[in-house]
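# Overview (structure and organization)
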Amino acid sequence: MSWARIEDAIQAFKGGGLVIVVDSVDRKDECDLVFAADHATTERMAFVIRHSTGIIYVVAEKDRFEHFGLHPATQSNTDRFLNKAYISTTFLPGSSTGLSAADRAATARALCNRSNKADAFSKPGHMFPVVADPGGVLTRPGHTEAAFDLCRVTGRTPVACISELTHDDGTMVRREDALAFGQRHSIPAITVDQLIEYRRTQVEFPNAPNPDSVPSIRGLDLPTLDGTGLKIAIVSARWNSVVCESLVKAAKEAMEACNVKDIIVEYVAGSYEIPSAAQVLLETGRFDGLICIGCLIKGESMHFEYINEGVTQGVMRLNLDYKVPVVYGILSCLNEDQALARSGLAGSGHNSGTEWGVTCVESCLLKKRYRRVARL
Ligand code: RBF
């Protein structure tokens with residue numbers, strides 16, 4: 001049995017899979033399971049807990065932890081390898097004891113989203129943050145930096161979970177057994193040295209994240225948008241109101257962060273009513289943009305399919321008929337859990353409302369820019 005090709009390990013990590021990382025024999029000679037925190041699922045977390053010490057470290061840069069109000073676990077570090085441990089934490093919204101695989105996965109994901117507030121994280125808690133050296137494995141050849149670098153070379157949010165593999169009798173898994181474990185579970189195993197070699201050949205990280213951007217907003221850079229003076233309307237359904245309210249709140253907050261001050265919200269019964277209500281608002285000519293927010297959850301009848309199709313077409317027609325950006329913010333979910341996960345509820349660190357708010361501002365600004373060009 002032998003080590004995996006570094007490219008294969010990187011590919012697995014990029015897709016959210018596990019990788020075994022082994023440091024050198026004259027260091028700790030430990031074999032860790034590593035995965036990207038934004039890909040933390042209950043199943044993956046449960047698997048890692050089952051086969052490791054059960055202590056899950058979460059690795060990221062110092063700034064990120066401090067953003068969430070976390071601080072060094074000790075003032076005088078006596079760890080042999082100067083492991084930069086921060087106070088343990090649990091993401092509180094939706095958590096039970098904080099220790100279940102689901103709760104720990106939720107904490108891992110929540111740490112990937114800087115729009116979560118510091119008071120949403122308990123201190124202490126059940127996940128163990130460790131600060132990675134910004135130089136990565138090139139400056140410190142540990143598991144922490146290896147996990148951090150795997151995020152960076154794959155262009156993922158730079159937050160990773162790690163835990164040391166152990167045998168059923170509690171002893172540490174060493175190299176040969178780690179390779180066998182990896183083969184049994186189809187998990188690629190690499191050494192820190194392989195990653196060091198790889199990093200030496202790479203000049204830049206792909207999609208190096210802008211430190212000012214909000215990671216939950218895929219591809220959009222919140223603070224660079226200036227929506228001063230824009231007038232935006234939101235039309236929200238009351239059906240599935242807990243979800244819709246949370247989406248509306250995030251959309252408003254995202255737009256306010258872009259200096260949008262004039263935002264009104266109108267409510268209708270269900271998603272079916274959204275296009276016609278939006279049409280009423282657009283007819284006034286008062287608004288630069290509009291966001292339609294609703295949540296359709298599949299039931300036992302065909303209702304979901306028909307409404308979904310109709311509302312989607314309706315919103316698209318408004319966009320083209322009124323030449324005003326109308327953002328489609330209607331979740332189509334197969335069950336309630338999906339709806340909660342997309343609206344920042346039940347422990348999810350992700351709220352689609354944020355994306356819709358930013359999308360609306362961005363589309364309004366695009367229109368303004370081209371209107372100016374047309375006048376020239
Ligand atoms: N509206 C939603 O916004 N989300 C839903 O999941 C939803 N489910 C519905 C299921 C049934 C069986 C019915 C009759 C209506 C549902 N509605 C839902 C409400 C719908 O959008 C609309 O408000 C009503 O049909 C009245 O026109």
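Positions within a chain are numbered from 1, following the residues in the order the chain's sequence is written. In keeping with the model being predicted, local features are shown solely for residues with a pLDDT of at least 70 and side-chain atom pairs are shown and tallied solely at 80 or more, while totals for entire chains, interfaces and linings include all residues.

With that settled, the discussion passes to the packing of helix α2 (residues 42-51) against helix α4 (residues 101-110). How two helices pack is summed up by the angle between their axes together with the distance between the axes. Put simply, α2 and α4 touch, their axes get as near as 8 Å, and they point 110° apart. By the angle between their axes, α2 is roughly perpendicular relative to α4. The chirality of how α2 crosses α4 is right-handed. Listed contacts from α4 to Thr 42, Met 45, Ala 46 and Ile 49 of α2 are Ala 101, Ala 102, Arg 104 and Ala 105. Gly is placed with the polar residues, together with every amino acid not listed as nonpolar (Ala, Val, Leu, Ile, Met, Phe, Trp, Tyr, Cys and Pro) or charged (Asp, Glu, Lys and Arg). Split by residue class, the contact of α2 with α4 holds six nonpolar, one polar and one charged. All axes are obtained by fitting lines to C-alpha atoms, using only the stretch in contact for helices, and the reported angles, taken between N-to-C directions, cover 0 to 180 degrees. Counting from the N terminus, the helices are the DSSP runs of H or I reaching at least four residues and the strands are the DSSP runs of E reaching at least two. Our angle categories are set so that under 35 degrees counts as roughly parallel, over 145 as roughly antiparallel, 65 to 115 as roughly perpendicular, and the remainder as oblique. Each crossing gets its handedness from the near helix: less than a right angle anticlockwise from the far helix is left-handed, clockwise is right-handed. A pair of residues counts as a contact when their C-beta atoms, built from backbone coordinates, are separated by no more than 7 Å.

Another aspect to go through is the site of the ligand. We call a residue near a molecule or strand if the C-beta atom, set from the backbone, is within 6 Å of it. The environment of the ligand is formed by 16 residues, the closest being Ala 237, Trp 239, Gly 270, Ser 271 and Tyr 272. Counting only elements with at least two residues in the shell around the ligand, the list comes to β10 (289-297) and α10 (303-322). Looking at the shell around the ligand, the element that brings in the most residues is β10, giving four residues. For the shell around the ligand, the class distribution of residues is eight nonpolar, seven polar and one charged.

Attention now goes to α10. Across its 20 residues, α10 extends 28 Å between first and last C-alpha, which sits within 8% of the 28 Å expected from 1.5 Å per residue. Every buried residue of α10 is listed here: Val 311, Val 315 and Leu 318. Each buried residue of α10 sits inside an arc of 55° when the element is viewed along its axis, so together they form one side. For α10, exposure combined with an orientation more than 90 degrees from the buried face picks out Glu 305, Tyr 306, Glu 309, Gln 313, Leu 320 and Asp 321. In the core, the buried residues of α10 are packed alongside α9 (274-283), β10 and β11 (326-333). The span expected for a helix works out to 1.5 Å for each residue beyond the first. Between the buried cut of 20 or more and the exposed cut of 12 or fewer other C-beta atoms within 10 Å of a residue's own C-beta lies the partly exposed class, and all C-beta atoms are placed from the backbone. In this description, one arc is meant: the one made by directions from the helix axis to the C-beta atoms.

Right, let's talk about the domain arrangement of the protein chain for a bit. How big an interface is tends to be reported as the loss of accessible area on association of its parts. Domain segmentation is taken from an automatic or database assignment of domains. Examined at the domain level, the protein chain breaks down into domain 1 (6-201) and domain 2 (222-375). The C-alpha centroid of domain 2 is placed 36 Å from the C-alpha centroid of domain 1. With twelve residues of domain 1 at the interface, the matching set in domain 2 holds seven residues. Tallying contributions element by element places α4 first for the side of domain 1 that touches domain 2, with four residues. Here the residues of the side of domain 1 that touches domain 2 sort into five nonpolar, five polar and two charged.

Among all positions of α9, only Ile 274, Pro 275, Ala 278, Leu 281 and Leu 282 are buried. The buried residues of α9 occupy one face: seen down the axis, they fall within an arc of 120°. Summarising the geometry of α9, the exposed residues directed more than 90 degrees from the buried face are Ser 276, Val 280 and Glu 283. Of the surrounding elements, those touching the buried residues of α9 are β8 (231-237), β9 (262-268), β10, α10 and β11. In the stretch just after α9, Gly 285 is the one whose phi turns positive, near 70°.

Before going further, it helps to examine the sheet that holds β11. With parallel pairing, the four strands of this open sheet are ordered in space as β9-β8-β10-β11. The strands lining the two open edges of the sheet, one partner per strand, are β9 and β11. Between one strand axis and the next, the sheet turns by 15° as a mean value, whatever way the strands run. One ladder, built from five bridges, connects β8 with β10; its direction is parallel. Pairing of Ile 232 across the sheet is with Gly 289, part of β10. Against the sheet, α10 makes contact with β10 and β11, and its axis sits at roughly 170° relative to β11, the strand it touches most. In this scheme, strands are said to pair when DSSP sees at least two bridges between them.

Further remarks concern the sheet that holds strand β5 (residues 121-131). Spatial ordering of the open sheet is given by β4-β5-β3-β6-β2-β1-β7, a layout of seven strands whose pairing is mixed. In the strand order of this sheet, the two ends are held by β4 (89-91) and β7 (189-191), each with one partner. Here the strands of the sheet are splayed against their neighbours by 45° on average, with no regard to which way each runs. By the bridge criterion, three bridges tie strand β3 (residues 57-60) to strand β6 (residues 160-164) in an arrangement that is antiparallel.

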